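Fold and geometry: a report
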Amino acid sequence: MPVMTRRAAIAAAIAIIGAAATVTFAQSSAVDEIAKYRAALQDGNPAELWEARGEDMWKSPRGPKNASFASCDLGLGPGVVKGAYAQLPKYFADADRVMDLETRLVHCMVTQQGFTQADAAKTPFGGPGVKSDIEALVAYVTAQSRGVKMNVALDHPKEKEAFALGEKMFVFRGGTHDFSCATCHAEDGKRIRLQDLPNLMTVAGAQRAYTTWPAYRVSQGELRTFQWRLFDCFRQQRFPELIFTSDASIALTMYLARNANGAAFDAPAIKR
Amino acid sequence: MRRNVLLWGCAVGVAAAVVGCATAPTDVEISRHAAAVLKDSFKANGQAGLDRLDQDETQRLCTQYANKPLPKDVAGMIEQLNLASIKWPADGKWQGDWKNGERIAQEGRGKQFSDDPRGPVGGNCYACHQLAPQEVSYGTIGPSLYRFGKLRGDNDETRKYAYGKIWNADAYSACSNMPRFGHSQILSEQQIRDLVALLTDPASPVNQ
């Protein structure tokens with residue numbers, strides 16, 4: 001669908017959700033309308049724009065060393081993108097660390113393209129007037145795993161360690177509100193306001209949630225990565241700011257990605 | 001800065017896969033390590049300092065028992081500890097204005113690093129509970145509170161319970177999902193009184 005038609009469809013859908021929010025609708029009908037809105041969104045996904053920008057970026061020489069990502073190893077060999085995301089996070093011997101995609105991209109920008117660590121990780125998330133290279137690269141790389149079954153290994157001791165730490169962090173209560181990830185994501189069929197919450201402690205829940213990130217968020221007009229998902233969950237948990245590519249962010253990603261094993265990856269998706 | 005202590009240290013090397021690890025880390029060791037890694041993985045932002053990752057006794061115990069049944073004696077201890085911390089209104093007035101209560105129940109802002117530290121700070125009750133039937137956008141993590149006062153009676157016992165529960169939910173149900181709004185200085189005494197009114201005042205839309 002051309003972009004203009006797609007925008008029109010989205011605008012129409014937003015009008016539907018606006019109507020649904022008025023009190024004249026019974027709640028069940030509001031939920032139905034939101035389901036229709038979500039279905040309408042599937043018609044066209046602006047994430048394609050991020051994918052295209054990311055593909056350009058992946059193939060073009062960049063940085064002080066004027067190098068492309070051709071020799072960046074995402075785990076399946078230098079430059080191999082197809083299916084790579086479905087096996088991440090994983091242990092990389094050259095960095096002696098478990099890495100998720102975002103961390104590995106930053107690693108390649110630093111070691112191969114000559115960026116400083118600070119420059120490479122400077123804009124993890126886009127916003128008004130700010131484009132994030134990371135989000136575009138993530139869109140491109142993840143799209144190359146669409147339809148591929150999640151297959152995250154727990155072979156290396158550090159992979160096992162990351163999983164065990166992520167499992168603990170998921171239930172860690174803190175902050176002013178005593179929230180942990182499990183406060184919202186440990187029961188089936190729960191909602192915040194009208195937003196359905198996945199139960200990430202079941203295989204089915206983790207599979208459905210993990211395989212649909214990254215996603216284009218209509219309400220933000222941005223493509224959001226899994227690092228962003230964690231960052232923004234912790235913001236709402238009233239925690240301090242999760243550091244981009246920190247060990248905790250990778251451990252939690254490992255826990256959720258591993259639990260999604262066996263499901264076909266299906267992103268970049270589109271969400272409200 | 002970064003703690004690269006490897007929990008499965010003994011498994012690194014020759015026979016790891018075959019014989020396994022004789023001294024796999026205990027649950028307590030993993031928890032301690034997870035808390036340390038968390039501390040290194042966050043930075044202070046605005047009103048949300050790193051001290052928010054320092055667990056009090058209640059948070060620590062509720063984390064420890066998150067994936068297993070909470071023993072009765074531990075639950076009792078948590079409830080006692082939290083009940084003792086409730087600051088009851090000095091003038092014995094439990095109930096404020098339900099109209100203010102409705103605004104506080106709707107207000108989702110407060111305490112996030114993206115929020116203005118000068119306020120407003122709300123209870124965000126509708127995120128998890130049904131209250132007034134006019135609001136169809138309510139969550140289901142907590143029970144429906146529609147007709148709370150009508151079902152429990154228009155009396156001081158009901159009002160006192162509602163006040164205490166909002167002040168410190170763990171005093172009545174150890175490791176509740178509900179924040180301890182008074183105890184953790186999220187809401188003021190007056191805001192809690194207004195929420196009590198929303199729940200118990202016969203004129204409140206909750207009780208229509």
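Residues numbered from 1 in each chain as written. Chains lettered and ligands numbered in written order. Predicted model: local features only at pLDDT ≥ 70, side-chain atom pairs only at ≥ 80, totals over all residues.

For chain A, the helix and strand inventory stands at eleven helices and eight strands. By the burial criterion, 47% of the 272 residues in chain A qualify as buried. Taking the contacts inside chain A whose residues are at least 6 apart along the sequence as the reference set, 67% of them involve residues at least 24 apart. (Helix = DSSP H or I, 4+ residues; strand = E, 2+ residues; numbered from the N terminus. Buried ≥ 20, exposed ≤ 12 C-beta atoms within 10 Å, placed from the backbone. Contact = placed C-beta atoms within 7 Å.)

Let us now look at helix 3 (residues 47-59) of chain A. Residues and elements named next belong to chain A. Over its 13 residues, helix 3 runs 19 Å from end to end, which matches the ideal 18 Å to within 8%, given 1.5 Å per residue. When helix 3 is considered as a whole, its buried residues turn out to be A47, W50, E51, G54 and W58. Down the axis of helix 3, the buried side of the element spans an arc of 100°, and every buried residue falls inside it. (Expected span 1.5 Å × (residues − 1). Arc of directions from axis to C-beta.)

Residues and elements named next belong to chain A. Reading across the sheet, the three strands line up as 6-5-8 and stay open at both edges, with mixed pairing between neighbours. Among the strands making up the open sheet, the edge pair consists of strand 6 (222-224) and strand 8 (269-271). The sheet shows a mean angle of 35° between the axes of neighbouring strands, direction not considered. Pairing of strand 5 (residues 215-217) with strand 6 involves three bridges; the strand directions are antiparallel. Bridge pairing in strand 6 places R217 opposite E222. (Pairing = 2+ DSSP bridges. Axes fitted to C-alpha atoms, helices over the stretch in contact; angles between N-to-C directions.)

On to the packing of helix 3 of chain A against helix 6 (residues 133-143) of chain A. The relative placement of two packed helices comes down to the angle between their axes together with the axis-to-axis distance. Residue and element names in this part refer to chain A. Across the interface, helix 3 lies against helix 6 with an axial gap of 7 Å and an inter-helix angle of 95°. Classified by the angle between their axes, helix 3 and helix 6 sit roughly perpendicular to one another. For the pair formed by helix 3 and helix 6, the contact residues are A47, W50, E51, R53, G54, E55, M57 and W58 on the first element and D133, E135, A136, L137, A139, Y140 and A143 on the second. When its residues are assigned to classes, the contact of helix 3 with helix 6 shows nine nonpolar, one polar and five charged. (Parallel < 35°, antiparallel > 145°, perpendicular 65-115°, else oblique. Nonpolar A, V, L, I, M, F, W, Y, C, P; charged D, E, K, R; others polar.)

To continue, consider the domain arrangement of chain B. Residue and element names in this part refer to chain B. Along its sequence, chain B is organised into domain 1 (9-69) and domain 2 (98-207). Here domain 1 and domain 2 have C-alpha centroids that lie 33 Å from each other. Facing the seven residues of domain 1 at the interface are five residues of domain 2. Looking at the side of domain 1 that touches domain 2, its residues break down into three nonpolar, four polar and no charged. (Domains from an automatic or database assignment.)

Once that is clear, we can look at the interface of chain A and chain B. The partner chain B presents 50 residues to the 42 residues of chain A that form the contact. Elements with a minimum of two residues in the side of chain A that touches chain B: helix 2 (27-41), helix 7 (157-170), helix 8 (181-185), strand 3 (191-192), helix 10 (226-236), strand 7 (241-242) and helix 11 (247-259) of chain A. Per-element tally for the side of chain A that touches chain B: the top contributor is helix 7 of chain A, with eight residues. Its residues assigned to classes, the side of chain A that touches chain B comprises 20 nonpolar, nine polar and 13 charged. As judged from the two bridges shared by strand 7 of chain A and strand 1 (residues 42-43) of chain B, these two strands associate in the antiparallel manner. From the neighbouring strand, A:E241 faces strand 1 of chain B, where its bridge partner is B:K43.

This paragraph deals with the confidence of the model for chain A. Of all residues in chain A, 90% have pLDDT values of 70 or greater, and the mean over the chain is 91. Per-residue pLDDT stays below 50 along residues 1-24 of chain A; that stretch engages in 27 contacts with residues further than four places along the chain or on separate chains. (pLDDT = per-residue confidence, 0-100.)

Moving on, we come to helix 11 of chain A. Three- or four-residue spacings in an α-helix give side chains the same orientation, since the helix completes a turn every 3.6 residues. Taking 1.5 Å as the rise per residue, helix 11 of chain A with 13 residues should run 18 Å; its terminal C-alpha atoms sit 18 Å apart, in good agreement. Where burial is concerned, most of helix 11 of chain A is hidden: 13 out of the 13 residues are buried.

This part is about the nonpolar core. Side chains of a nonpolar character, in soluble globular proteins, are inclined to be buried together. Among the nonpolar cores identified, the biggest contains 74 residues, and A:M169 and A:A251 are the most heavily contacted of them. If near-sequence neighbours (up to four positions away) are discounted, A:M169 is found in contact with A:A248, A:A251, A:L252, B:A34 and B:L38. One finds B:C128, B:F148, B:F181 and B:L199 within the second-largest nonpolar core, a separate group that totals 28 residues. (Core = buried A, V, L, I, M, F, W, Y, C linked by C-beta atoms within 7 Å.)

Segmenting chain A into domains produces domain 1 (3-41) and domain 2 (47-271). For domain 1 of chain A and domain 2 of chain A, the distance between their C-alpha centroids amounts to 29 Å.

Residue and element names in this part refer to chain A. Structurally, the position occupied by P89 is in the loop between helix 3 and strand 1 (90-92). Once the C-alpha coordinates of P89 and M254 are considered, the two residues, 165 residues apart in sequence, prove to be 5.7 Å apart. Setting aside its immediate chain neighbours within four residues, P89 contacts V98, M99, D100, V152, A162, I250, T253, M254 and A257.

Bringing the packing of helix 11 of chain A against helix 2 (residues 27-41) of chain B into the picture now. Direction vectors running N to C along helix 11 of chain A and helix 2 of chain B enclose 125°, while the axes themselves pass 7 Å from each other. When the axes of helix 11 of chain A and helix 2 of chain B are compared, the pair comes out oblique. Contacts between helix 11 of chain A and helix 2 of chain B involve A:D247, A:A248, A:S249 and A:A251 on the former and, on the latter, B:V37, B:L38, B:D40 and B:S41.

Attention now goes to the confidence of the model for chain B. Residue and element names in this part refer to chain B. Model confidence for chain B is summarised by a mean pLDDT of 91, while 89% of its residues fall at 70 or above. A low-confidence stretch, residues 11-20 (pLDDT under 50), is modelled with seven contacts involving residues beyond four sequence positions or located in other chains. The ipTM value of the predicted complex is 0.91, and its pTM value is 0.89.

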